[in-house]
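Okay, here's what each chain looks like letter by letter:
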Amino acid sequence: MKDMRDFIAMGEERGLVKRITAEVDWNLELSHIAKLNEEKSGPALLFENVKDYDTPVITSVCTTVERLALIMNQPKNSSLTDLYQAWAEKGETKIPPKFVDQAPCKENIMMGEDVDLFRFPVPKFYPLDGGRYFGTAHFIISKDPDTGWVNLGTYRSQLLGKNRLGTQFIKGKHADIMLKKYQAMGKPMPVASIVGCDPLLFILGASRLSAFESEYDVAGAIRGEPIEVIKGETVDLPIPATAEIVVEGEVDAEKFHEEGPFGEYTGYYSGVGTDPRNYIDVKCVTFRNNPIMWGTTVGRAVTDTHMTMALSYGATLWQQLLAMKIPGLKSVYCPPEGSGRFLAIISMKQMYPGHVDQVLTAAISTEMGAYGLKTVIVVDEDIDPWDIPRVMYALSFRFQPNRSQVIKRGRSTPLDPSLPINAREITGRLLLDATIPYEWKDKPIPIELDPEVVERVKSRWAELGL
Ligand SMILES: Cc1cc2nc3c(=O)[nH]c(=O)nc-3n(C[C@H](O)[C@H](O)[C@H](O)COP(=O)(O)O)c2cc1C
Ligand SMILES: [Mn+2]
């Protein structure tokens, strides 16, 4: 799979993508159809007839595990945990992108005064959104001025004018770290926003890789071949060759424009109104012939966004835990209901006293876990972490508050609605030990049925009328 067109073709073949030919309004109607469809785990939707526009819009690309498996080229019936495992295995070797001389993303070029972002059917998603959001299922490419490290990060972009896009680089995110360096140099940061591409690149854009690691290299590793890129027209950045729409421009850390609010993946609007934020001053837009716009509803769980994050955050947590070489780790599950990031459940085989405490604290010390992860539950190896009734069982019969810990301080996401709106930088964390302690000499005796009697009653099943 190289681009959005491959995803649509392969998805249609498997009945995972549906075309909507009826006219649909970009103003709320499109997003509401997408949201209601996502709540039913419906197919990805390709809206071919968007009011006032010729360009189609695709939504709900990542809403089901089956579609995530298709994107990752994994078996159709893979579970999220299977996908974490595949990601961890393949993502270890990095494959850098490969430059090409010609690329479909350059088929059309709008430069300078000709730039007009209103040419594209940018949806307005929720009633109280501050406007239309050009960048939802997109990512922003930027480069570290010191080391040349290229970052792909999904940070929302509001349509603020014909050549202006909003940004929201939350503190400490990789684009924010880079922007501060450009600011110190007294220069604006060159960026490119990519809309419509190999969906894996978007998933990588939203994943929490470590600093200095390029999402391109991990995407190449998962694909098993380099991602093809081409230099931007006005920015020295590697652009995916088959991108549908590429917006090139600059962000000046000293310049601001009111941005937001936006209906977030927490199920609430972020902020209480607009906030002054940096913006992209757009210099050039390139796009393919008959480009495809891509949007995601974000909003209340569970949507496309939550599934994307459950995959990328869960996979990176699993990968980062494995990298610590702690023995006994069995599997991890980061529920989509918690957007894959607020709650993690880990299954493990205990091998020494204190092993569970090591895993609990390790989880919140990973790059993924150190940011926003609030609750970690560890269960014994006989429980699959995605088997929520069994996790509830462990939380009832094995869990003991005195063996669990409250961590008072850690890095929070400013979007966490469980914290007061003006004090969201620091969160507490809860580490729940739902296991039977390794060091106990006398462990509770599990009830097992007598195997001989089981055999006997099974042979009488029909006679018993059961
Ligand atoms: C649809 C969507 C929208 C997002 N919007 C933002 C945003 O506006 N600002 C932000 O800092 N993170 C946002 N995120 C989360 C980031 O993509 C995520 O934290 C990622 O790790 C950022 O890349 P980085 O680690 O290279 O900084 C969003 C994620 C998704 C899936
Ligand atoms: Mn990054």
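Residues numbered from 1 in each chain as written. Chains lettered and ligands numbered in written order. Predicted model: local features only at pLDDT ≥ 70, side-chain atom pairs only at ≥ 80, totals over all residues. Heavy atoms only, no water.

Our next topic: the site of ligand 1. The environment of ligand 1 is formed by 20 residues, the closest being T154, Y155, Q168, K173 and H174. A distance of 2.8 Å is found between a nitrogen atom of ligand 1 and a side-chain nitrogen or oxygen belonging to K173. Coverage of ligand 1 by the protein chains reaches 97% of its 620 Å² of free accessible surface. Elements with a minimum of two residues in the shell around ligand 1: strand 8 (150–153) and helix 8 (304–323). Tallying contributions element by element places strand 8 first for the shell around ligand 1, with three residues. (Near = heavy atom within 4 Å. Polar contact = N/O pair within 3.5 Å; in protein donor to acceptor, adjacent residues only side chain to side chain. Areas by Shrake-Rupley, 256 points an atom, 1.4 Å probe, with all protein chains shown as cover. Helix = DSSP H or I, 4+ residues; strand = E, 2+ residues; numbered from the N terminus.)

All right, on to the coordination of the manganese ion (ligand 2) then. For the manganese ion (ligand 2), the full set of protein donor atoms is N151 (OD1), H174 (ND1) and E215 (OE), at a range of 2.1 to 2.2 Å. Each donor residue of the manganese ion (ligand 2) belongs to the same chain, with the gaps between them written as N-x22-H-x40-E. Placement of N151 in strand 8 and of H174 in helix 5 (residues 174–185) is noted, with a sequence separation of 23 residues between them. Across the pair, exposure class does not vary: N151 and H174 are buried alike. (Donors = N, O, S within 2.8 Å, 3.2 Å for Na, K, Ca; no water. Buried < 20%, exposed > 50% of the residue type's maximum accessible area, 1.4 Å probe, protein only.)

Summed over the entire model, instances satisfying the criterion amount to 30 salt bridges. Close ionic contact of K76 with E66 constitutes a salt bridge, the shortest N to O distance being 3.1 Å. Of this pair, K76 sits in the loop between helix 3 (65–71) and helix 4 (80–90) while E66 sits in helix 3; the two residues are ten residues apart in sequence, bridging distant segments of the chain. Assessed through its relative accessible area of 62%, K76 is described here as exposed. Since its relative accessible area comes to 27%, E66 is described here as partly exposed. (Salt bridge = Lys/Arg side-chain N within 4 Å of Asp/Glu carboxyl O.)

Attention shifts here to the sheet that holds strand 1 (residues 17–20). One open sheet holds the four strands; their spatial order is 1-2-3-18, and the pairing between them is mixed. Every interior strand has two partners, whereas the edge strands, strand 1 and strand 18 (293–294), have only one. As defined by bridge partners, strand 3 (residues 57–59) adjoins strand 18 across two bridges and the pair is classed as parallel. Directly across from I58, in strand 18, lies its bridge partner W294. Against the sheet, helix 1 (residues 4–13) makes contact with strand 1, strand 2 (44–47), strand 3 and strand 18, and its axis sits at roughly 100 degrees relative to strand 1, the strand it touches most. The sheet strands contacting helix 2 (residues 29–39) are strand 2 and strand 3, and the helix crosses strand 2 at an angle near 160 degrees. (Pairing = 2+ DSSP bridges. Contact = heavy atoms within 4.5 Å. Axes fitted to C-alpha atoms, helices over the stretch in contact; angles between N-to-C directions.)

The strands making up a sheet associate through hydrogen bonds between their backbones, and the pairing can be parallel or antiparallel. Read from one edge to the other, the open sheet built from three strands follows the order 4-12-13, with strand pairing classed as mixed. Every interior strand has two partners, whereas the edge strands, strand 4 (98–99) and strand 13 (238–240), have only one. Relative to strand 13, strand 12 (residues 228–231) runs antiparallel, the two being bridged by three bridges. By the bridge assignment, V229 is partnered in strand 13 with P240.

As enumerated under the stated definition, the model contains eight aromatic pairs in all. Between F120 and F134, the ring centres sit 6.3 Å apart and the planes meet at 75 degrees, which makes this aromatic pair edge-to-face. Here the residue F120 occupies a position in the loop between strand 5 (108–111) and strand 6 (133–135), and F134 occupies one in strand 6, the gap between them amounting to 14 residues. Residue F120 shares its accessibility class with F134, and that shared class is buried. One aromatic cluster is present, built from ring pairs that chain together F120, F134 and F287. The ring of Y371 carries the charged tip of R411 above its face, separated from the ring centre by 3.8 Å. The ring of Y438 carries the charged tip of K443 above its face, separated from the ring centre by 5.8 Å. (Phe/Tyr/Trp six-rings, centres within 6.5 Å; stacked < 30°, edge-to-face > 60°. Lys NZ or Arg CZ within 6 Å of the ring centre and 35° of its normal.)

So, on to the nonpolar core. Counting 134 residues, the largest nonpolar core has F7, F134, I141, V285 and W294 as its most contacted members. No other element matches helix 8, which puts nine residues into this core. Split by domain, this core shows at least three residues from each of two domains, domain 1 (4–294) and domain 2 (324–434). Residues in contact with F134, not counting those within four places in the same chain, are L117, F120, V122, S157, L159, L165, S193, V195, I245, V247 and M293. (Core = buried A, V, L, I, M, F, W, Y, C linked by side-chain atoms within 4.5 Å. Domains from an automatic or database assignment.)

What follows deals with the domain arrangement of the protein. The assigned domain composition of the protein is domain 1 (4–294) and domain 2 (324–434). For domain 1 and domain 2, the distance between their C-alpha centroids amounts to 30 Å. At the interface, 18 residues of domain 1 touch 19 residues of domain 2. Carbon and sulfur atoms supply 62% of the area buried between domain 1 and domain 2, which totals about 1,500 Å² over both sides. It is T81, R208 and Y265 that lose the most area in domain 1 upon contact with domain 2, and together they represent 39% of the buried surface on that side. Our count for the contact surface shared by domain 1 and domain 2 stands at two salt bridges. Among the salt bridges present, the one from E425 reaches K171, with a minimum N-O distance of 2.7 Å. Linking domain 1 with domain 2 are five residue pairs in polar contact (both at pLDDT 80 or more), by the criterion used here. Considering every element that reaches the side of domain 1 that touches domain 2, the biggest residue donor is helix 4, with three residues. (Buried area = accessible area lost by both parts, 1.4 Å probe.)

Its location among the elements puts T55 in the loop between strand 2 and strand 3. In this view, T55 contacts V50, R119, P121, P291, I292 and M293; residues no more than four positions away in its chain are not counted.

What follows covers unusual backbone geometry. With the exception of glycine, most residues fall at negative phi, and the peptide bonds are largely trans. A cis geometry characterises the amide bond from G260 onward to P261, with omega recorded as -10 degrees. Along the chain, P261 falls in the loop between strand 15 (257–259) and strand 16 (275–277). Positive phi is not limited to glycine here, since D52 has a value of about 75 degrees. Mapped onto the elements of the fold, D52 is located in the loop between strand 2 and strand 3.

The terminal C-alpha atoms of helix 5, which comprises twelve residues, lie 17 Å apart, in line with the 16 Å expected from a rise of 1.5 Å per residue. Those residues of helix 5 that fall on the buried side of the exposure criterion are H174, A175, D176, M178, L179 and Y182. In this fold, the buried residues of helix 5 make contact with strand 7 (138–143), strand 8, strand 11 (189–195), helix 7 (215–223) and strand 14 (245–251). Positioned one or two residues after helix 5, G186 has a phi angle of 75 degrees, which is positive. (Expected span 1.5 Å × (residues − 1).)

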